[in-house]
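For reference, the chains in residue letters:
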Amino acid sequence: MASYIAFEGGEGSGKSTQVRLLANRLGALVTREPGGTPLGVRLRQSLLGVGEAPIGDRAETLLMAADRAQHVGEVVSPTLSAGQHVISDRSAYSSLAYQGGARGLGVDEVRRINEWALEGLWPDLVVFLDVDIRAATERIVTPLDRLESEGDEFHAAVSATYRALAAAEPDRWIVIDGLGTIDEIEARIWAEIEPRLEA
């Protein structure tokens, strides 16, 4: 049975690298949010581009949900229906952490918006790469986007919200220590993912 697996974590946590490695192992489709569809590419530029027009917190939340609604309808659901795993770099849980937690809009409020946008299709498994903020920041080599450039207090709130979400849904979430070599982290992820896929 095909699974929908999302990778979550703060900026510089190493999600994108581990997404590709797990997808290669499973023969899965790789996608991302925002930006997993043509519409999403345009929304991503507006949401994350430095120098773009200012976006209010509620508008940011709704634009993220719009990207997600298109992504699930156009990419995730059809791929799962065809019997192929989907591995996504971020998911609706990002909005719970970033907009619900760090922006202070409320996790439950943001969850309700995304439940409607997703038509209830949340990831089957969530891999959370937990990395210290300072260590993660040192990994970022490209220019910072709009969310990456938020301050330490913002990113600390993101991490705290992720940890709370993981604790609330232990059957869905896999918390991985994101420090170490790429191979070490990949091995930790696979040791947790393999038995869950076989269950």
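Reference entry: report on the structure contained in this document. Per chain, residues are indexed from 1 in the order of the written sequence. Per-residue local features of the predicted model are confined to residues with pLDDT of at least 70, and side-chain atom pairs are confined, for both listing and counting, to 80 or more; whole-chain, interface and lining totals are unaffected and use all residues. Excluded from the side-chain calculation are hydrogens and water; included are all heavy atoms of the structure.

**Overview of the overall build of the protein**
For step 1, the next point in the chain: Assigned secondary structure in the protein consists of eight helices and five strands.
For step 2, the next point in the chain: Taken over C-alpha atoms, the radius of gyration is set against a globule rule of 2.2 Å times the number of residues to the power 0.38. At 16 Å, the protein has a C-alpha radius of gyration in line with the 16 Å of a compact globule built from 199 residues.
For step 3, the next point in the chain: Counting only C-alpha atoms and orienting by the principal axes, one finds that the protein spans roughly 45 × 35 × 30 Å.
For step 4, the next point in the chain: For the protein, the share of sequence-separated contacts (at least 6 apart) that also reach a separation of at least 24 residues comes to 76%.
For step 5, the next point in the chain: For the protein, the accessible surface area stands at approximately 9,600 Å², while carbon and sulfur atoms represent 53% of it.
For step 6, the next point in the chain: His is not counted here, nor are the chain ends, while Lys and Arg score as positive and Asp and Glu score as negative. The atom standing in for a charge is NZ when the residue is Lys, CZ when it is Arg, CG when it is Asp and CD when it is Glu. Once the 19 positive and 31 negative side-chain charges of the protein are each reduced to a mean point, those two points are 2 Å apart. Each helix corresponds to a stretch of at least 4 residues labelled H or I by DSSP, and each strand to a stretch of at least 2 residues labelled E; elements are numbered beginning at the N terminus. When checking whether two residues touch, look at their non-hydrogen atoms; a contact exists if any pair is within 4.5 Å. Using the Shrake-Rupley algorithm and a 1.4 Å probe, accessible areas are obtained, with residue cover drawn only from the displayed protein chains.

**Things to note about the side chain of threonine 61**
For step 1, the next point in the chain: Here threonine 61 shows up in helix α3 (residues 57-81).
For step 2, the next point in the chain: Contact partners of threonine 61, with chain neighbours within four places excluded, come to Gln99, Leu105, Val110 and Ile113.

**What about the packing of helix α4 (residues 92-102) against helix α5 (residues 107-118)?**
For step 1, the next point in the chain: Where α4 meets α5, the closest approach of the two axes is 8 Å, and the angle between their N-to-C directions is 150°. Overall, the two elements α4 and α5 adopt an arrangement that is roughly antiparallel. Between α4 and α5 lies a crossing whose hand is right-handed. Only Val107, Val110, Arg111, Asn114 and Leu118 of α5 make contact with α4, whose side of the interface consists of Ala92, Tyr93, Ser95, Leu96, Gln99, Gly100 and Gly101.
For step 2, the next point in the chain: Here the residues of the contact of α4 with α5 sort into six nonpolar, five polar and one charged. Convention adopted: a line fitted to C-alpha atoms gives each axis, helices being fitted over their contacting stretch, and angles between N-to-C directions are expressed from 0 to 180 degrees. Any angle that falls under 35 degrees is termed roughly parallel, while one over 145 is termed roughly antiparallel, one within 65 to 115 roughly perpendicular, and all others oblique. Crossings are classed by handedness, with left-handed meaning an anticlockwise turn of the near helix from the far one by less than a right angle and right-handed meaning a clockwise turn. In this classification, the charged set is Asp, Glu, Lys and Arg, the nonpolar set is Ala, Val, Leu, Ile, Met, Phe, Trp, Tyr, Cys and Pro, and all remaining amino acids, among them Gly, are polar.

**What to know about the nonpolar core**
For step 1, the next point in the chain: The term nonpolar core refers to a set of buried residues drawn from Ala, Val, Leu, Ile, Met, Phe, Trp, Tyr and Cys, joined through side-chain atoms within 4.5 Å. The cut-offs for exposure are 20% and 50% of the maximum accessible area for each residue type, with area from a 1.4 Å probe on protein chains only; residues under the lower value are buried, those over the upper are exposed, and the others partly exposed. By size, the foremost hydrophobic cluster in this structure holds 23 residues, and its most contacted members are Tyr93, Tyr98, Tyr162 and Trp173.
For step 2, the next point in the chain: At the level of elements, α2 (38-48), α3, α4, α5, β4 (125-130) and α7 (152-168) are the ones that each hand at least two residues to this core.
For step 3, the next point in the chain: Among all residues touching tyrosine 93, those that are not within four sequence positions of it are Glu8, Arg111, Trp122, Pro123, Val126, Tyr162, Leu165, Glu169, Arg172 and Trp173.
For step 4, the next point in the chain: Among the nonpolar cores identified, the runner-up in size contains 17 residues, and Leu26, Leu125, Leu129 and Ile174 belong to it.

**Notes on unusual backbone geometry**
For step 1, the next point in the chain: The linkage connecting glutamate 33 with the following residue, proline 34, adopts the cis geometry, with an omega of -10°.
For step 2, the next point in the chain: Along the polypeptide, proline 34 turns up in the loop between β2 (29-32) and α2.
For step 3, the next point in the chain: Positioned with a positive phi, glutamate 119 is a non-glycine residue whose angle comes to about 50°.
For step 4, the next point in the chain: If you trace the backbone, glutamate 119 turns up in the loop between α5 and β4.

**A word on empty space enclosed by the protein**
For step 1, the next point in the chain: Both site types are read off a 1 Å grid over the protein atoms alone. A 1.4 Å probe that fits but cannot get out defines a cavity, while an open set with protein on both sides within 12 Å along at least five of seven lines defines a pocket; lining residues have an atom within 4 Å of a point. Grid points are joined across faces, edges and corners, and a volume is the space filled by probe spheres set on the points. For the structure on display, the rule yields one cavity of 30 Å³ or more.
For step 2, the next point in the chain: By volume, the largest cavity is sized at about 40 Å³.
For step 3, the next point in the chain: Lining the largest cavity are Gln18, Leu21, Leu22, Arg25, Glu186, Ile189 and Trp190.
For step 4, the next point in the chain: Looking at the lining of the largest cavity, the elements that each hand over two or more residues are α1 (15-26) and α8 (182-198).
For step 5, the next point in the chain: Sort the elements by how many residues they give to the lining of the largest cavity and α1 lands first, with four residues.
For step 6, the next point in the chain: Looking at the lining of the largest cavity, its residues break down into four nonpolar, one polar and two charged.

**Examining α7**
For step 1, the next point in the chain: Given the number of residues in a helix, its expected span is that number minus one, multiplied by 1.5 Å. Counted at 1.5 Å a residue, the expected span for α7 with its 17 residues is 24 Å, and the 24 Å between its end C-alpha atoms agrees.
For step 2, the next point in the chain: For α7, the complete set of buried residues consists of Phe154, His155, Val158, Ser159, Thr161, Tyr162, Leu165 and Ala166. One side of α7 holds all its buried residues, which, seen down the axis, span an arc of 160°. Pointing more than 90 degrees away from the buried face of α7 are the exposed residues Glu153, Ala167 and Ala168. This arc is taken over the directions from the axis of the helix to the C-beta atoms.

**What about the sheet that holds β2?**
For step 1, the next point in the chain: At least two DSSP bridges between two strands are required for those strands to pair. Pairing in this open sheet of five strands is parallel, and the strands run β2-β3-β1-β4-β5 from one edge to the other. Looking at strand neighbours, the two that pair on one side only are β2 and β5 (173-177), the edges of this open sheet. The mean inter-strand angle of the sheet, taken between neighbouring strand axes irrespective of direction, is 20°.
For step 2, the next point in the chain: Bridge analysis of β2 against strand β3 (residues 86-89) gives four bridges, and the strand direction is parallel. Bridging from a neighbouring strand, arginine 32 pairs with aspartate 89 of β3.
For step 3, the next point in the chain: Its contacts with the sheet place α8 against β1 (4-9), β4 and β5, and it is angled at close to 160° to β5.

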